[in-house]
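The chain contents come next:
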Amino acid sequence: MPKLQYSKIALSQTIVALCKAKGIKHIVISPGSRNAPLTIGFTEDSYFECYSVVDERCAAFFAMGIAQQLQKPTAVVCTSGSALLNYYPAVAEAYYSAIPLVVISADRPKEMIDIGDGQTIRQEYVLQNHVRFEANLLASKEENEADQLRNEELINEALNTAIVENGPVHINAPFYEPLYEKIAEPTVFPENEDPEFISTTLDPELQSKMLQQWNEASKKMILVGVNAPKSISQRWIDLLHTDPGVLLFTETTSNIQHASKIGCIDQLISPMFPAELSELQPDILITFGGMIVSKKVKTFLREYQPKIHWHIDPLHGPDTFFCLTEHIKMKVERFFDTFMIQTAHKESNYQSKWTTINAQRKLGHKRYLEKIPFTDLIAFDRILNAIPDYSMIQLGNSSTIRYSQLFQMNPTITVFCNRGTSGIEGSTSTAIGAATASDRLTTFITGDLSFFYDSNGLWNRYVPKTFKIIVINNNGGGIFRILPGKESTKNFEQFFETTHQLTAKHLCGMYDFEYNSVKNEFELEKALDVFYQKTEKPQLLEVFTPRELNDTILIDYFNNLG
């Protein structure tokens, strides 16, 4: 067995050793020179699973996709200068999506900053607004015990923060030259400090008050946003269903299943009159999970606010509906273990009334789809119905996630989307990272602008054969066509909708994807029949839909649900 080699630089040895000690195994490296000590340290140790991704923006989203699936920290390593800034979109997404992304940037020593050297910027604290800890390490030309101990302390705290708080951290590591020297044995042996997990409990006085409020309320709504699969025991979801006063609203990304849930919230709310909305207004609202996609439910709960709103999350307590009364800083499973077993039911028709109306909405949805021509709405219906059981869907942002919210998902499928900042810039890269870390077939559904914007994400040698991309190409930003006031906006097509005639065909040739395209319902159904057969390459299916008809059909959709 070949002997391990280490970077001669003690600081690099310390970072690598502590990552290993804490079980941070997946390392995404973008090529560079200043980060050579780190590249040597990680790639020479077979413990680490190392990936080389050239584009730093794509690399960070790729790493985030891995962390999303493993629910463990994943590291990205880059050289100095503007390379670090390219991580920022993914860092912000990881911050708001509670994903443990460890950013390790190489840097020049302080005296070399702002003197005119290339690839040199002020890297310290550059990510501070969107990381949970910032470790600015010290560089030493010679062995310096005080600096070494200080660096160990900072690295331990940074990595432990990522583990405990499920969020991004930044470790900035300045290195003196020479950068490429190796040695056979380590020269430093950093001490690993175990992360401290704080066990939170519900204050007895607060718990008593909340129980009284819950047991007296006849209209209780639970709204679930982005949520990792199997993070909540099914027994609690089933128990909630037995309370006639509880109405469960779930988003597509909630990954929660129950026959009585309302999974297509916009279908229920959109056709309602003020009197119905007032009747739907909850006495108590419980929210958990990440960001909410539905603008309609946000508008509803901001206008018809509950008297009491509890948000359950160990860290984040966003006042999304401007009526938050309690931020319960606990994991949802622990809260239910503590709270729900003591609750009592109150007579109510809240659940039965709205689930009955929701069943009628589903029939309206079905009837509408039977009479409309081929558009985005039909495309999503056919695509979502074709996705195999027990696979994974990754969704692009903007119109893709919003269309998907209109359809009941196969309960065996898990669904993910970058909803922390809701940006389009890294959806492809995240999906590929997730597929790489999972053994399940993965379908990435995306719009054309989002796909072309992140096309460098395909510049990736790790794409599994089980990865499928479906691009809905409506020749522009179709979502902008449904916004109020578009008719009077000057130069709308060029500066808002961004019309184009691009296709994914040549990109597929460049990156060795199997390519197919369709332009009508018959072609789509025929293509989907063979799309999920085993192949030796990843596949891309481009679905062309009519740009100017999509918005008309979608706007009319909500008028035909009642």
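Predicted model, so just to flag it, every value in this text is computed and none were measured.

Rules of the game
- Residues numbered from 1 in each chain as written.
- Predicted model: local features only at pLDDT ≥ 70, side-chain atom pairs only at ≥ 80, totals over all residues.
- Heavy atoms only, no water.
- Helix = DSSP H or I, 4+ residues; strand = E, 2+ residues; numbered from the N terminus.
- Rg over C-alpha atoms; globule rule 2.2 N^0.38 Å.
- Buried < 20%, exposed > 50% of the residue type's maximum accessible area, 1.4 Å probe, protein only.
- Contact = heavy atoms within 4.5 Å.
- Areas by Shrake-Rupley, 256 points an atom, 1.4 Å probe, with all protein chains shown as cover.
- Lys, Arg positive; Asp, Glu negative; His and termini not counted.
- Charge placed at Lys NZ, Arg CZ, Asp CG, Glu CD.
- Pairing = 2+ DSSP bridges.
- Axes fitted to C-alpha atoms, helices over the stretch in contact; angles between N-to-C directions.
- Right-handed = clockwise from strand over helix to strand, strands pointing away.
- Polar contact = N/O pair within 3.5 Å; in protein donor to acceptor, adjacent residues only side chain to side chain.
- 1 Å grid on protein atoms, 1.4 Å probe; cavity = no way out; pocket = protein on both sides within 12 Å on 5 of 7 lines; lining within 4 Å.
- Points joined across faces, edges and corners; volume = space filled by probe spheres on them.
- Nonpolar A, V, L, I, M, F, W, Y, C, P; charged D, E, K, R; others polar.
- Core = buried A, V, L, I, M, F, W, Y, C linked by side-chain atoms within 4.5 Å.
- Salt bridge = Lys/Arg side-chain N within 4 Å of Asp/Glu carboxyl O.
- Parallel < 35°, antiparallel > 145°, perpendicular 65-115°, else oblique.
- Left-handed = near helix turned anticlockwise from the far one by under 90°.

Trainee: Looking at this structure, how should I read the overall build of the chain?
Mentor: Within the chain, the secondary structure is distributed over 21 helices and 19 strands. Compactness check: the chain gives a C-alpha radius of gyration of 25 Å against a globular reference of 24 Å for 562 residues, within 12% of the reference. Dimensions of the chain along its principal axes, counting C-alpha atoms only, are 75 × 65 × 50 Å. Considering the chain as a whole, with its 562 residues, one finds that 55% of them fall into the buried category. Long-range contacts, defined here as pairs at least 24 residues apart, represent 76% of the contacts in the chain between residues at least 6 apart. Summed over all atoms, the accessible surface of the chain reaches about 24500 Å², with 51% contributed by carbon and sulfur. One finds the centroid of the 52 positive side-chain charges in the chain at a distance of 5 Å from the centroid of its 66 negative side-chain charges.

Trainee: What should I look at first to understand the sheet that holds strand E5 (residues 101-107) in this one?
Mentor: Taken together, 6 strands build an open sheet; the order of strands is E3-E2-E4-E5-E7-E6 and the sheet is parallel. At either margin of the open sheet sits one strand with a lone partner, and together these are strand E3 (49-52) and strand E6 (134-136). Strand-to-strand twist in this sheet, taken as the mean axis angle between neighbours without regard to direction, amounts to 15°. Across 3 bridges, the pairing between E6 and strand E7 (residues 169-174) is parallel. Across the sheet, residue Ala-135 finds its bridge partner in E7, namely Ile-171.

Trainee: Sorry if this is basic, but what is going on with the pairing of strand E15 (residues 414-417) here?
Mentor: With burial as the criterion, each face of E15 is covered, one bearing Thr-414 and Phe-416 and the other bearing Val-415 and Cys-417. Read as a crossover between parallel neighbours, the route from strand E14 (residues 392-395) over helix H15 (residues 399-404) to E15 is right-handed.

Trainee: So what exactly am I meant to see when it comes to the side chain of Asp-283 here?
Mentor: Along the chain, the position of Asp-283 falls in the loop between helix H10 (274-280) and strand E11 (284-288). Side-chain polar atoms of Asp-283 contact the side chain of Lys-307, separated by 3.2 Å.

Trainee: Just to check I follow, could you spell out empty space enclosed by the protein for this structure?
Mentor: The gaps of empty space that remain are located by a probe, the size of a water molecule, rolled over the atoms. This structure, assessed with the given rule, holds 2 cavities of 30 Å³ or more. Lining the largest cavity we find Ile-237, Leu-240, His-241, Val-246, Leu-247, Leu-248, Ser-260 and Gln-351. Contributions of two or more residues to the lining of the largest cavity are made by helix H8 (234-241) and strand E10 (246-250). Of the residues that constitute the lining of the largest cavity, the class distribution is 5 nonpolar, 3 polar and no charged. The space that makes up the second largest cavity amounts to roughly 30 Å³. Contributing to the lining of the second largest cavity are Phe-61, Pro-89, Glu-93, Asn-418, Thr-421, Gly-423, Glu-425, Gly-426 and Ser-427.

Trainee: Teacher, can you tell me more about the nonpolar core here?
Mentor: Looking at soluble globular proteins, one finds that nonpolar side chains tend to be buried together. With 42 residues, the main nonpolar core has Val-28, Phe-451, Phe-467, Ile-469 and Phe-513 as its most contacted residues. Looking at which element gives the most residues to this core, the answer is helix H3 (residues 56-70), with 9 residues. Setting aside residues up to four positions removed in sequence, Val-28 forms contacts with Tyr-51, Val-53, Ala-59, Phe-62, Ala-63, Ile-66, Thr-74, Ala-75, Val-76 and Val-77.

Trainee: Is there a simple way to explain the pattern of salt bridges in this structure?
Mentor: It is possible for side chains of opposite charge to pair when their charged atoms get near one another. Scanning the model with the defined rule gives 18 salt bridges in all. For the salt bridge of Asp-45 with Lys-20, the shortest nitrogen-to-oxygen distance reads 2.9 Å. Of this pair, Asp-45 sits in the loop between helix H2 (36-43) and E3 while Lys-20 is found in helix H1 (residues 10-21), placing the two residues 25 residues apart along the sequence. The class of Lys-20 is partly exposed, set by a relative accessible area of 34%. Here Lys-465 and Glu-536 are joined by a salt bridge, their closest N and O atoms 3.4 Å apart. On the criterion of sequence distance, the pair formed by Lys-465 in the loop between helix H17 (448-453) and strand E17 (467-473) and Glu-536 in the loop between helix H20 (521-531) and strand E19 (539-544) is long-range, its members being 71 residues apart. It is possible to trace a salt-bridge network through shared partners that takes in Asp-381, Arg-382, Glu-521 and Glu-525.

Trainee: Where do I start with helix H16 (residues 427-437) in this structure?
Mentor: For an α-helix the count is 3.6 residues per turn, leaving residues at separations of three or four pointing the same way. The buried fraction of H16 is high, at 9 of 11 residues. Its buried side turned inward, H16 meets H3, E14, strand E16 (442-447), H17 and E17.

Trainee: Looking at this model, I keep getting lost on the side chain of Gln-405. Mind explaining?
Mentor: Looking at where Gln-405 falls in the secondary structure, it is placed in the loop between H15 and E15. For Gln-405, a relative accessible area of 5% puts it in the buried group. Not counting residues within four places of it along the chain, the set of residues in contact with Gln-405 comprises Glu-251, Thr-252, Gly-263, Cys-264, Val-293 and Ser-294.

Trainee: Looking at this structure, how should I read the packing of H3 against H16?
Mentor: Helices that pack against each other are described as a pair by the angle of their axes relative to one another and the distance between those axes. At their nearest, the axes of H3 and H16 sit 7 Å apart, and the two run at 45° to each other. The angle between H3 and H16 falls in the class oblique. Along this stretch, H3 crosses H16, giving a crossing that reads as right-handed. Residues Cys-58, Phe-61, Phe-62, Met-64, Gly-65, Ile-66, Gln-68, Gln-69 and Leu-70 of H3 lie in contact with H16, whose contacting residues are Ser-429, Thr-430, Ile-432, Gly-433, Ala-434, Thr-436 and Ala-437. For the contact of H3 with H16, the class distribution of residues is 9 nonpolar, 7 polar and no charged.

Trainee: What am I meant to see in unusual backbone geometry here?
Mentor: For residues that are not glycine, phi is negative in most cases, and the peptide bond is trans in most cases. Residue Pro-178 is reached from Glu-177 by a cis peptide bond, and omega for that bond is 5°. Considering the arrangement of structural elements, one finds Pro-178 in the loop between E7 and strand E8 (182-183). Of note in this structure, Lys-230 is not a glycine but carries a positive phi near 60°. Within the fold, Lys-230 resides in the loop between strand E9 (220-224) and H8.

It is worth stressing that arrangement in space is one thing and function is another; only the former is reported here.
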